[in-house]
Structure formats: structure tokens, C-alpha cells
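Examining the three-dimensional arrangement
Residue-level listing of the chains:
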Amino acid sequence: MTMQQSYEVIGHGYATRRRPDPRIEAAIVAALGDARTVLNVGAGTGSYEPRDREVVAVEPSRVMLGQRPEGTPAVRGVAEALPFANNSFDAAMAVLTIHHWTDWRRGLAEMRRVSRGPVAVLTHDVDQAPAFWLMDYFPAIVEHDRVRMPPVADVCAALEGEAGPVEVPCDCTDGFLGAFWRDPARYLDPGARSAISAFALLPPEDLHRGLHHLAQDLRGGAWHERHGELLARDSLDVGYRLVVSRPR
């Protein structure tokens, strides 16, 4: 199953479970600078699109497009073949989508081609992933991400840009993979997992084994013994990085 096909299955109800977090949104909007026209690539349901700019979305999934706010301009398409002329936008953005592209280098080149200004890409540093306690329960996620997630250094090189950490707030309103680092029981909720593509890609036996192990550790107190200090943290770096291209 391709990721486009996957989102035709897991994408239902996505807009209610993946609500943009205002603190992460602020970092993305700041990276766009004073751009008035913005292209959002792999836009999904429209999370993190700045509301005070002219935004055009590109998204391959019909299910995701169907959940976008009414009246927001959107085109069904893919990052690797953006249907716009050179320098059509002041800036371009892509949020937690690059790992779904078939050719991420071509997709980034396309974003650079159509943007007169900054290109901002929120992604995940797979080398940082093993430090996140969730991977103790689902190590296959790291294995999958090493295949599908380009190294952050390579993304920086492709965009001639720089990466900065984006810490995840303890009360993050978005439901991406690292959002529940301080609320481990949320990962036991099928509804929460249904909006996280990493779980959809796990073999059933790996998923069931990890859920059983996590539930057991929460009931018996082992999770709190190992990670209880996190409950005092307001935010945590679990590997998310915002890569922003340098001006040309």
C-alpha cells in the first residue's frame, strides 16, 4: 500500500485528531518571513497554514482534501510535480510530509523552483528517534523511518538551509507521533493511533506486542519508574526539526 492509498484509509476524521498546535504553528509562520503567498505541499487537511496569508495547497489524497475548510484553494497533486510556474509563490512549506514522498529530493527541488523566498520543511530526525521512550515499545518504527525518512543533514543540503529543533509541548494539540510523550496512555487509544501513519505501517504482530508491553508497564508502574521525571517537563525534544532554506 502506498502512503497515498494509506491516507484514503486512515485519513477519515483526521482533521479532528490533528489540530495544529499554536506554538509549533508560530515557529512555522516565523520561518515564512513576510511572504504573502504561500504554497503548502502535502497539505493534508490544512494544519499550520497561516491564516493571514494567501495559501494554495497541494495534496494527493481525496479523503484529506475533502476535510479542508471550505473555500481554501487546493490542488490534487504531488510534491514531485508541482503544477506551477517558476517563482509562483513568496514561500513554500511542507509539514510532516516529506517521508511520504516517492522522491524527496525532487520534491524539495520543486519547492525551491516555485518559491521566490524561503522554503520551510518540518520533519523528524531519525537519528534522534531511538532516544524517545516510545521506540522501546515499537522499535520497528525506527527501522521503517530509516528507510522512508531522509536524514536531516541531507534535507539541509538539498535546501541549502539550516535546521532547528522544535520542542513538543506537554499539552500539544496536534496528534502526531511524538505528541503524547508525557501522556503515554494516549498511545493505547485506537482513535489517537488512527491519525498516526507510523502505526498504520506497523505489522500487526509488532503493533500488538508493543501495545501489550506498554499497557503492562503502565499498570505495573515500570513506565513511571523509568520515565516519571518527564511528568515535570513542559516540553521535550523528541527529534522534530524545522529546516529553512537560506535566501537565494
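One structure accompanies this document, and this report is about it.

Calculation rules
Residues numbered from 1 in each chain as written. Predicted model: local features only at pLDDT ≥ 70, side-chain atom pairs only at ≥ 80, totals over all residues. Heavy atoms only, no water. Buried < 20%, exposed > 50% of the residue type's maximum accessible area, 1.4 Å probe, protein only. Helix = DSSP H or I, 4+ residues; strand = E, 2+ residues; numbered from the N terminus. Pairing = 2+ DSSP bridges. Contact = heavy atoms within 4.5 Å. Phe/Tyr/Trp six-rings, centres within 6.5 Å; stacked < 30°, edge-to-face > 60°. Core = buried A, V, L, I, M, F, W, Y, C linked by side-chain atoms within 4.5 Å. Disulfide = S-S within 2.5 Å. Salt bridge = Lys/Arg side-chain N within 4 Å of Asp/Glu carboxyl O. Arc of directions from axis to C-beta.

**Comments concerning the pairing of strand β9 (residues 240–245)**
Most of β9 sits inside the fold, with five of its six residues counted as buried. Where strand β5 (residues 119–124) and β9 come together, five bridges link them in antiparallel fashion. Along β9, the bridge assignment pairs Val121 with Val243. Summarising the sheet, strand β6 (residues 161–165) and β9 pair through five bridges and their orientation is antiparallel. Across the sheet, the residue bridging to Gly164 is Leu242, located in β9.

**Considering the side chain of Arg68**
Mapped onto the elements of the fold, Arg68 is located in the loop between α4 (62–65) and β3 (74–76). Excluding residues within four positions of it along the chain, Arg68 makes contact with Ala43, Gly44, Thr45, Gly46, Glu49, Ala57, Pro73 and Ala74.

**As for the packing of aromatic side chains**
Across all of its chains, the model carries nine aromatic pairs by this definition. Ring geometry for Phe84 and Phe89: centres 5.1 Å apart, planes at 85°, overall edge-to-face. For Phe89, a relative accessible area of 7% translates into the label buried. For the pair Tyr187 and Phe199, a centre-to-centre distance of 6.3 Å together with 50° between the ring planes defines the contact as tilted. Highlighted residues: Tyr187 in the loop between β7 (168–169) and α9 (190–193) and Phe199 in helix α10 (residues 197–200), separated in sequence by 12 residues. Given a relative accessible area of 5%, Phe199 falls into the buried group. Here a set of aromatic residues connected by ring pairs shows up, and it is made of Phe132, Trp133, Tyr137, Phe138, Phe180, Tyr187, Phe199 and Trp223.

**Some remarks on the nonpolar core**
One finds Trp133, Phe138, Phe176, Leu177 and Phe199 to be the most contacted residues of the largest nonpolar core, which totals 48 residues. Put simply, the parts of the chain that give this core at least two residues each are α3 (22–31), β4 (91–95), β5, α6 (134–137), α7 (139–148), α10, α11 (204–220) and β9. In terms of residues, this core owes the most to one element, α11, which gives four residues. Residue contacts for Phe176: discarding those within four places in its chain leaves Arg18, Ile24, Tyr48, Leu96, Val168, Ile196 and Tyr240.

**So, the state of the cysteines**
The final tally for this structure, using the stated rule, is zero disulfides. Cys172 forms no disulfide, and the closest cysteine sulfur to it belongs to Cys170, at a distance of 9.6 Å.

**A look at the pattern of salt bridges**
Proximity of charged atoms lets side chains of opposite charge pair with each other. Counting across every chain of the model gives 14 salt bridges. Linking Arg23 and Asp171 is a salt bridge whose minimum nitrogen-to-oxygen distance equals 2.7 Å. Here Arg23, found in helix α3, pairs with Asp171, found in the loop between β7 and α9; they are 148 residues apart in sequence, far enough to count as distant. Taking the relative accessible area as the measure of exposure, Arg23 reaches 40% and is therefore partly exposed. Put simply, Glu160 and Arg112 hold a salt bridge, and the shortest N to O gap is 3.5 Å. Of this pair, Glu160 sits in the loop between α8 (152–159) and β6 while Arg112 sits in helix α5 (residues 104–114), and the two are 48 residues apart along the sequence. Look at Glu160 and you get partly exposed, because its relative accessible area is 46%. Residue classification places Arg112 among the buried residues on the basis of a relative accessible area of 10%. Connected via shared salt-bridge partners are Asp21, Arg23 and Asp171.

**Quick look at α3**
Among the residues of α3, Ile24, Glu25, Ile28 and Ala31 are the ones counted as buried. Around the axis of α3, the buried residues are gathered within 120° of arc, so they sit on the same side. Buried residues belonging to α3 abut β4, β5, β7 and β9. Looking one or two residues beyond α3, the residue adopting positive phi is Gly33, at roughly 65°.

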